[in-house]
Amino acid sequence: MKKDFLSIADLTQDEIFEIFDLTRDLKQKTRNREPHPILQGYTLAMIFAKPSARTRISFETGMFQLGGHALYLSPQDIGIGKREAVKDIARVISRYNDMIMARLFDHADIEELAEYASVPVINGLTDYNHPCQIMADAFTILEHRGTLENLKIVYIGDGNNVAHSWINFAYRVPIHLVISTPRDYQPDPATLQRAREAGLSTIELISDPVEAVRDADVVYTDVWASMGQEDEAEIRKQIFKPYQVNQELLAHTRKDVLVMHCLPAHRGEEITDEVLDGPHSIVFDEAENRLHVQKAIMVKLAGKA
Ligand code: CP
Ligand code: NVA
């Protein structure tokens, strides 16, 4: 494995499935309350420049369950890149802690953090991507369907960090990925091009949401305005309206469609209550699997599996 986990593109296909195997094992142990202090004595510094529920809770809980300790450093604590240069923080934390998880705005900042840190750095979301999330999501689909092959996975909404991580997953693992966004909100062309050139997956951009979700096995959505885009929320609500995941849209999917959302959801905007709380929704399985998959990632990065 590379020293850091900044993108799913950092992993080989074999490493991705090794992480999933370890995830299955750690999930079982956690469910059985079987102790697994694989990272006893380890400490994880968690740097947050943006808010979080799942990422903070799952990393902190996960590190505790692995026998280690995690420190929560809020936006006020470090002021990364503001109070202190990214490269200095990287070198200081490397003297105290065994691993860093960071949620930052600019992806270039996490790359700099990783470059200057001597310890592994895990990306807990940047404006560009959200790799831990999509590892948990793909694992969740595997649990429900037993395979990722021959499934049509449709991401609908904004071509954002979550969409980029799905494309990076498709770069490494063969899937049929459809991305449906308004024309001005498509994902990063370079990310798309790299994944398409790798030739493993079928990746389609289909702007019409009804056409996009036809016969879908999985429909995935995310907020229309991400953290940091609050000023655009109102205008985006108008533009993205046709992309709402609601009962009418699901009429065009396969009958056994799985509905996913990384959460937090803006109920009544990108997804209706009826769908989020309905029988097709697996959003809380997804949320739980953040814990298990991130534990596996930490164990792998520590070289303990
Ligand atoms: N899905 C996710 O990363 O949630 P948080 O922003 O609450 O961490
Ligand atoms: N795209 C969202 C994901 C939150 C987990 C955001 O960046 O705010």
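Look a little higher up for the structure.
Within every chain, residues take consecutive numbers counted from 1 along the sequence as written. Both sets of labels track the order of writing: A upward for chains, 1 upward for ligands. Reporting in this predicted model follows two pLDDT cut-offs: at least 70 for local features of residues, and 80 or more for side-chain atom pairs to be given and counted; totals over whole chains, interfaces and linings ignore these cut-offs and use all residues. Each side-chain value is worked out from all heavy atoms of the structure, with water and hydrogens disregarded.

**Q** Can you tell me about the site of ligand 1, naming the residues and giving the values?
**A** What makes a residue near a molecule or strand is one non-hydrogen atom of that residue sitting within 4 Å of it. Around ligand 1, the surrounding shell consists of Ser52, Ala53, Arg54, Thr55, Arg103, His130, Gln133, Cys262, Leu263 and Arg290. Whenever two N or O atoms come within 3.5 Å, that pair is a polar contact, provided that in protein one can donate a hydrogen and the other can accept it, and provided that, for residues adjacent in sequence, both atoms are side-chain atoms. The side chain of Arg54 places a nitrogen or oxygen atom 2.8 Å from an oxygen atom of ligand 1. Here the accessible surface of atoms and residues is derived via Shrake-Rupley with a 1.4 Å probe, and residues count as covered only by protein chains that are part of the display. Relative to its unbound accessible surface of 250 Å², ligand 1 loses 96% to contact with the protein. Put simply, Ala, Val, Leu, Ile, Met, Phe, Trp, Tyr, Cys and Pro go in the nonpolar bin, Asp, Glu, Lys and Arg in the charged bin, and everything else, Gly too, in the polar bin. A class-by-class count of the residues in the shell around ligand 1 yields three nonpolar, four polar and three charged.

**Q** Outline the sheet that holds strand β9 (residues 258-261), supporting the account with residue identities and numerical values.
**A** Spatially, five strands are ordered β7-β6-β5-β8-β9 in an open sheet, and the strand pairing comes out parallel. Among the strands making up the open sheet, the edge pair consists of β7 (202-205) and β9. The average angle at which neighbouring strand axes cross in this sheet is 20°, direction not considered. Examined bridge by bridge, strand β5 (residues 152-156) and strand β6 (residues 176-180) share five bridges and lie parallel to one another. For Ile156, the partnering residue across the bridge sits in β6 and is Ser180. Strand pairing is defined by DSSP finding a minimum of two bridges between the two strands. What counts as a helix is a DSSP run of H or I of at least four residues, what counts as a strand is a run of E of at least two, and both are numbered from the N terminus. The angle between two axes is taken between their N-to-C directions and runs from 0 to 180 degrees, where each axis is a line fitted to C-alpha atoms and a helix contributes only its stretch in contact.

**Q** So, the pattern of salt bridges: which residues are in play, and what are the values?
**A** A side chain with one charge may pair with a side chain of the opposite charge, provided their charged atoms come close. A pairing counts as a salt bridge when a side-chain nitrogen of Lys or Arg comes within 4 Å of a carboxyl oxygen of Asp or Glu. The tally for this structure, following the rule as stated, stands at 19 salt bridges. Of the charged contacts in the structure, one is a salt bridge between Glu60 and Arg56, with a shortest N-O distance of 2.8 Å. Of this pair, Glu60 and Arg56 both sit in helix α2 (residues 54-65), four residues apart, roughly one helical turn. Each residue is placed in one exposure class: buried if its accessible area under a 1.4 Å probe, protein chains only, is under 20% of its type's maximum, exposed if it is over 50%, and partly exposed if it falls in between. In this structure Glu60 comes out as partly exposed when scored by relative accessible area, which is 29%.

**Q** Tell me about the packing of helix α6 (residues 131-145) against helix α7 (residues 161-172), and please be specific about residues and values.
**A** For the pair α6 and α7, interaxial distance at closest approach is 9 Å and the crossing angle is 60°. With respect to their mutual orientation, α6 and α7 come out oblique. Regarding α6 and α7, the two cross each other, and that crossing is right-handed. Only Val162, Ser165, Trp166 and Phe169 of α7 make contact with α6, whose side of the interface consists of Pro131, Ile134, Met135, Asp137, Ala138 and Ile141. By residue class, the composition of the contact of α6 with α7 is eight nonpolar, one polar and one charged. When an angle is under 35 degrees it counts as roughly parallel; over 145 it counts as roughly antiparallel; between 65 and 115 it counts as roughly perpendicular; any other value is oblique. The handedness criterion is simple: a crossing whose near helix is rotated anticlockwise from the far helix by less than a right angle is left-handed, and one whose near helix is rotated clockwise is right-handed. Note on contacts: a residue pair is in contact if any heavy atoms of the two residues lie within 4.5 Å.

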